[in-house]
Structure formats: structure tokens, C-alpha cells
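Spelled out from the first residue to the last, the chains are:
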Amino acid sequence: MTELISGAHILCRTLAEAGVDVLFGYPGGAIMPFYHALPEFPGLRHILVRHEQAAAHAADGYARASGRVGVCVATSGPGATNLVTGLATAHMDSSPVVAITGQVSRAMIGRDAFQETDIVGITLPITKQSYLVQDAAELADVVLEAIAVAQHGRPGPVLIDVPKDVQNQKVGFAPSVGAQHAAPLPAAPDDGVRHAAALIAAAQRPLLMVGHGVILASAYAEVRALAEKTGMPVITTLLGISAFPEGHPLHLGMPGMHGEVHVNRAIQRADLIVGLGLRFDDRVTGNLAAFAPRAQIVHVDVDRTEIGRNVPAAVGIVGDAKTVTRQLVAATATRQCDAWRAEIEAGRRLPDASFRGGMSPEAILGAIRDATDGACTIVTDVGQHQMWVAKLFPYRRPNTHITSGGLGTMGFAVPAAMGAHVARPGEPVWAISGDGGFQMNMAEMATMVQEGLTVKLAVFNNGYLGMVRQWQQFFHGKRYSSTPIWSPDYVKLAAAYGIPGYRVDDASDLADVVGRANAAPGPALVEFVIEQEANVFPMIPPGGSLSEPIEAAV
Ligand SMILES: Cc1ncc(C[n+]2csc(CCOP(=O)(O)OP(=O)(O)O)c2C)c(N)n1
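Residues numbered from 1 in each chain as written. Predicted model: local features only at pLDDT ≥ 70, side-chain atom pairs only at ≥ 80, totals over all residues. Heavy atoms only, no water.

Next up on the list: the overall build of the chain. In terms of helices and strands, the chain carries 23 helices and 20 strands. Against the compact-globule benchmark of 24 Å for 554 residues, the chain has a radius of gyration of 24 Å, which places it among compact chains. Across its three principal axes, the chain shows a C-alpha extent of roughly 70 × 60 × 40 Å. Buried residues in the chain amount to 59% of all 554 residues. Counted over contacts in the chain with a minimum sequence separation of 6, partners at least 24 positions apart contribute 75%. (Helix = DSSP H or I, 4+ residues; strand = E, 2+ residues; numbered from the N terminus. Rg over C-alpha atoms; globule rule 2.2 N^0.38 Å. Buried < 20%, exposed > 50% of the residue type's maximum accessible area, 1.4 Å probe, protein only. Contact = heavy atoms within 4.5 Å.)

Right, dumping it as C-alpha cells:
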């Protein structure tokens, strides 16, 4: 039966009926009708953040941890523009986020009205799709389509801009949940799979390179089966970390700018690289002209436009990682690569975190692993600590490493960890940040307290914007221009928010303090005082080839 309800009610109702149960947002003038309707939908939990950027990152973290769409809400103008960094982050990392923004009323659009911004125009290049909804009668279909588009194929963010008068407009509403908007994914062509299987059978030095697409498609078992059937050593990109068990004998580690030397050397010697769900971006390849000079490349990606974009593919297969890998497992003959593995292993060294003992990254991350029994989700920020975590944390379960890979967004960890916690309320979630990135979104501690979000906050305090300082050390003659950074007293800061805060500057306290912080009932903050000028090694200079790592302090 058709009933007369407002656009705001249609929005809430359609979200709830589509299975959305949490929104991260912040109100304001142009979105007030939506917020007026919201309390009538108790199934929609609203989490009030302290900055809209955090709403977008939290929705992104929720999406990555849950495999479902993450939703954020903001008002027009500054509210909407504050979402932009979060949407760009989600776009670069293929995360299904739906953003709902208020817009000035239709009659005011184009008049430089108060808090008017063309957010559809601004976000066009960083969303899969953006809608300006001009009629409330279209809202239900737009919301359902947006949710489908965000998740379909290669996931990504979608924006729905709703003028205030459209939120107030009353129209007849007939629920249409269940409508199918997404076209089916293309089936992987058999000849591509057969060709790839033939290349795998013939290769002397094959590698399997695993990216975010494997996590997005939950293709863990399939990838493991392919690796074990063929003996191909496995490399996991930054966003592919936790897609393959760390301790598995076939696992090599991370490639690229801060990848281990034996991993990059294997790439340079390989005669075949089977890339599953990755972009071959510049942080992975280094100088493209010198990348994997002997390798043919099989590139599997759900996004047709990625194939051949950065590296030429001998075989390109369009399809999701789970389907295609399953087909590859069926098509490949059993083989092993013992000689090749022995050649790689001969060059393997321990990951070099540039200093040992004391307050080393290994010791800190080991304490977090021990306190959580390894059963935690780690969300990292951007910088040196991010690379240390990527290289050193022993991930045991799939999809337990969340980071901003493509955009490299400082400030991501704290709010994204809030979203991850909402998606996984029963397990520890640790946000690991540097002193720079933490200060970008530390106001979200208030959100955690108000909303009861149990996120553990680790701050690696080296007194610098460490990764930039490291570049200055190597490429700018040690001119530390604007990279020393002052911090507040984090223990007092935590106290001001009413949460436990700890400072550790002696490794002998690590186990005790991290254990207490992890066991505390709500959020807790631990500041780790680390060596100021530690570096992340090895390092490929920007634009350099994977064959030319800087391996130690100079
Ligand atoms: C929003 C944003 N601004 C600037 C940068 C450039 N950047 C990359 S790493 C980095 C330093 C990070 O310092 P910190 O958070 O203290 O972490 P550390 O590297 O010391 O572990 C900067 C400034 C960025 N990635 N993101």
C-alpha cells in the first residue's frame, strides 16, 4: 500500500530495510530533516563523530572490517567538504562507503546560498557515482542503487546529495526493497585461465602476488590452495597483508618501496608473476621500466581498466579473485618450485626495523600480539610505524590489517578503528599511529567515550613526522624542515577524556602496560616513546628500481 511520507523518512526507512544498522555522522542545517526523522528508526544506530572526516574514515573502517557497506552523513558545505579526504581514501582503496549529504533547497542551488557547495562536482573523481536527488519519489531507488553500486564489482564510495526541501517533500512511498540494480559480474573467460595455467606450468620462477582484491573477495582458501598446489611463493602487498598466513612456508612478505630485499629480488628474478587483485601501483613497482624485467605477467582484477594500466599483461583476466582463483586451481597441474624457493630463501634476512632491543617496533608489536593472543584487528595510520607494522606484525587471521594504502591518509587510524570496532565489537581493535597522525584526529577520543567504543590507541612517539624526516635524512641533506613535532602529555590528555593513559619508555614495562590497556573495559591510550631518528629499512629511493635498495643507515 502506498503511504505519504517525507524524503527524510524514506531515506531512513530505505537504509534500515536495506540492512544498514549504523551511521557515522554530524548534523547541520541542510541535513536537519534527516536528523529529525532518525530517532524514529531505532535500528539505525547513529555515532556522532567530532569531525566529518572521521565519519568517512569510520564508515570505511566499518566497511573493510565487516564486508558490508559503511554509511556516513554530513550537512552541506563544510560538512560535505570535510568528508572529501575520507571518500578519496575509500576510493583509492576500493572500500564500499555511502555518503549522504544535505544540500541547500532546490530553489537556492546555484545562488551561492549559505553553506552551498557543489559536492557532487567536487567528489565526481573520487566516487564511483554521485547523485543529486531532485525528487523525493526517487530517493528509495537511489539509496538502494547506491548501496548496490558501492559494493558491486570493484567496491568504492558513492555520494547521495539531498536538498533540504527534498528531505521535507512528502510523496507516496511503496517499499521496493529487493530490487536488483547490479548487473552480474562477467564470468572469467576460460581461455585466459587456460593460458595462465599453461604459463604457471612452464615457469621456472613463478610468484603469486596477492592484493586487496583477495581480501575483498574473501578468496583466502582459494589463494592458499593455488599456492600449495603449484608451490608458488606468495607476496602480499600492503593492502594484501593478512590475506595469506604470515607463518606459511610459502609466504615471502611485502614488496616495493619498503619491502624486504629477498622479496624485491625475487620479483626482479621471476619469470612469471600472477597478480591477484592488485594495481601494481608505483609503491609496489618502483621504476616501472626496471620492474620485473624477466617476468611475464598474469593480471587478474575485477576492474577491467586496471589490466595493462601500469604493467603490460601477457594474460589479463577480468573477474573477482575468488572465482578466478578457483578456476586457476582447477586448471593448474600440481607442481612444486623447490629450487626457486631455495634460491629466494638463501637471500632472506630478518626484517630490518633499523634498531633492535629496547623500545623497538618488534618489542612493542610483540607486546600487542601477546596481550591479544594475536586475535586482534590492527588499524594503522601512515608513516614509519605503518611500515613497521606491515613488516613485523604476525597476522594470524584473514583481514585483520586495515590501513590507508592508496591515498596514504594520515589521521585514518583512529576513526577507522572506531568503525572496525563497531563491525567487530567482540575483539580487540588497536589503532596504531605516529605522533603526527594521532594529533590529526585525536578528538575522536570523545566519540569513543560518548558512544562507548572500545578502541585501544597506540601512539608511536618519535618527536618527528618520522617518514618525512627519514626522506629528509636521505634525500634532502638532513635538513629537518618542519618535521620535529611537539606533542601534548598524552597521559594527561587521556585523563582529560576520562580514559586510562600510559606512557612506556622502557621495554621491561611493555608486557604489563599493554596487557592492562588491552584488558581495560573501554578505550585506552598507550604512548610508546621510541628512538627519535630510527629508520625503516630497506628503502627503495622514490623512482628507483627494486634492484637498488638502501639497506642500512648512511
Ligand atoms: C594527511 C596527510 N598529510 C601529510 C602526509 C605526508 N606524510 C606522510 S608520512 C608523514 C609523517 C608521519 O608522521 P607520524 O604520524 O609522526 O608517523 P611516523 O612516520 O613518525 O611513524 C607525513 C607528514 C600524509 N601522508 N597525509
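We are not done yet, so read on.
This brings us to the nonpolar core. Counting residues in each nonpolar core, the largest one holds 49 residues, and the members touching the most others are Phe24, Cys72, Leu83, Val379, Phe438, Met445 and Leu457. Contact partners of Met445, with chain neighbours within four places excluded, come to Phe438, Leu457, Leu493, Tyr497, Ile499 and Leu525. Counting 37 residues, the second-largest nonpolar core is a separate cluster that includes Ala8, Val69, Ala146 and Val162. (Core = buried A, V, L, I, M, F, W, Y, C linked by side-chain atoms within 4.5 Å.)

Here we come to helix α16 (residues 361-372). Here α16 is 12 residues long and its end C-alpha atoms lie 16 Å apart, about the 16 Å a rise of 1.5 Å per residue gives. The complete set of buried residues in α16 reads Pro361, Ile364, Leu365, Gly366, Ala367, Ile368 and Thr372. Of the residues trailing α16, Asp373 is marked for its positive phi of about 55°. (Expected span 1.5 Å × (residues − 1).)

Helix α20 (residues 444-451) packs onto helix α18 (residues 413-423) with a crossing angle of 20° between their chain directions and a minimal axis gap of 9 Å. Considered as vectors, α18 and α20 are oriented roughly parallel to each other. Crossing geometry of α18 relative to α20 is assigned as left-handed. Within the contact between the two elements, α18 uses Val414, Pro415 and Met418 and α20 uses Glu444, Thr447 and Met448. Of the residues assigned to the contact of α18 with α20, the class counts are four nonpolar, one polar and one charged. (Axes fitted to C-alpha atoms, helices over the stretch in contact; angles between N-to-C directions. Parallel < 35°, antiparallel > 145°, perpendicular 65-115°, else oblique. Left-handed = near helix turned anticlockwise from the far one by under 90°. Nonpolar A, V, L, I, M, F, W, Y, C, P; charged D, E, K, R; others polar.)

Around the ligand sit 17 residues, and of these Gln384, His385, Gly408, Gly437 and Gly466 come closest. Within the side chain of His385, a nitrogen or oxygen atom sits 2.8 Å from an oxygen atom of the ligand. Note that an oxygen atom of the ligand is positioned 2.8 Å from one of the backbone N or O atoms of Gly437. Contact with the protein chains hides 76% of the accessible area of the ligand, taken as 590 Å² for the molecule alone. Mapped by element, the contributors of at least two residues to the shell around the ligand are α17 (384-392), α19 (435-441) and α21 (466-475). Sort the elements by how many residues they give to the shell around the ligand and α19 lands first, with four residues. (Near = heavy atom within 4 Å. Polar contact = N/O pair within 3.5 Å; in protein donor to acceptor, adjacent residues only side chain to side chain. Areas by Shrake-Rupley, 256 points an atom, 1.4 Å probe, with all protein chains shown as cover.)

For the rest of this paragraph, the subject is the packing of aromatic side chains. All chains considered together, the criterion is met by 10 aromatic pairs. A ring pair is formed by Phe34 and Tyr35, whose centres lie 5.6 Å apart and whose planes are at 85°; its orientation type is edge-to-face. Considered together, Phe34 and Tyr35 belong to a single accessibility category, that of buried residues. Ring centres of Phe474 and Phe475 lie 6.2 Å apart, and the angle between their planes is 50°; on these two criteria the pair is classed as tilted. Classification of Phe475 as partly exposed rests on a relative accessible area of 31%. An aromatic cluster is defined as three or more aromatic residues linked by ring pairs; in this entry it consists of Trp471, Phe474, Phe475 and Phe537. Directly above the ring of Tyr464 sits Arg469, whose terminal nitrogen or CZ lies 5.5 Å from the centroid. (Phe/Tyr/Trp six-rings, centres within 6.5 Å; stacked < 30°, edge-to-face > 60°. Lys NZ or Arg CZ within 6 Å of the ring centre and 35° of its normal.)

A word on unusual backbone geometry. At the junction of Phe537 and Pro538, the peptide bond is cis and its omega measures out at -10° in the coordinates. Take Pro538: it is sitting in the segment after β20 (524-529). Of note in the backbone geometry, Ser94 takes a positive phi value of approximately 55° without being a glycine. Tracing the sequence through the fold places Ser94 in the loop between α5 (84-92) and β5 (97-103). Using a relative accessible area of 6% as the deciding quantity, one classes Ser94 as buried. Here the phi dihedral of Asp373 falls at roughly 55°; this positive angle occurs in a residue that is not glycine. With respect to the element layout, Asp373 can be found in the loop between α16 and β15 (377-380). Looking at Asp373, the relative accessible area reads 57%, which means it is exposed.

Now for empty space enclosed by the protein. If a probe as big as a water molecule is rolled over the atoms, it shows which places are left empty. Summed over the entire model, instances satisfying the criterion amount to one cavity of 30 Å³ or more. Considering only enclosed or pocket space, the largest cavity measures out at about 60 Å³ in volume. Elements that contribute at least two residues to the lining of the largest cavity include exactly α12 (261-269) and α15 (338-346). With four residues, the single largest contributor to the lining of the largest cavity is α12. Tallied by class, residues from the lining of the largest cavity come to three nonpolar, two polar and three charged. (1 Å grid on protein atoms, 1.4 Å probe; cavity = no way out; pocket = protein on both sides within 12 Å on 5 of 7 lines; lining within 4 Å. Points joined across faces, edges and corners; volume = space filled by probe spheres on them.)

Turning our attention to the sheet that holds strand β3 (residues 45-48). Strand pairs in the sheet, formed through backbone hydrogen bonds, run parallel or antiparallel to each other. Taken together, the six strands give an open sheet; going across it, the order is β3-β2-β4-β5-β7-β6, and neighbouring strands pair in parallel fashion. Pairing within the sheet leaves two strands with one partner each, and these edge strands are β3 and β6 (129-132). Here the strands of the sheet are splayed against their neighbours by 20° on average, with no regard to which way each runs. Where strand β2 (residues 22-25) and strand β4 (residues 70-74) come together, three bridges link them in parallel fashion. Across the sheet, residue Leu23 finds its bridge partner in β4, namely Val71. The strands that helix α3 (residues 52-66) touches are β2, β4 and β5; relative to β4, the one it contacts most, it runs at about 170°. (Pairing = 2+ DSSP bridges.)

As a further point, take the environment of Gly25. Topologically, Gly25 is positioned in strand β2. Distance in space between the C-alpha atoms of Gly25 and Gly86 is 12 Å, their sequence separation being 61 residues.

With that settled, consider α5. Looking only at α5, the buried set comprises Gly86, Leu87, Ala88, Thr89 and Ala90. Tucked inside the fold, the buried residues of α5 contact α3, β5, α6 (119-123) and β7 (158-163). Of the residues one or two after α5, Ser94 is the one with positive phi, at around 55°.

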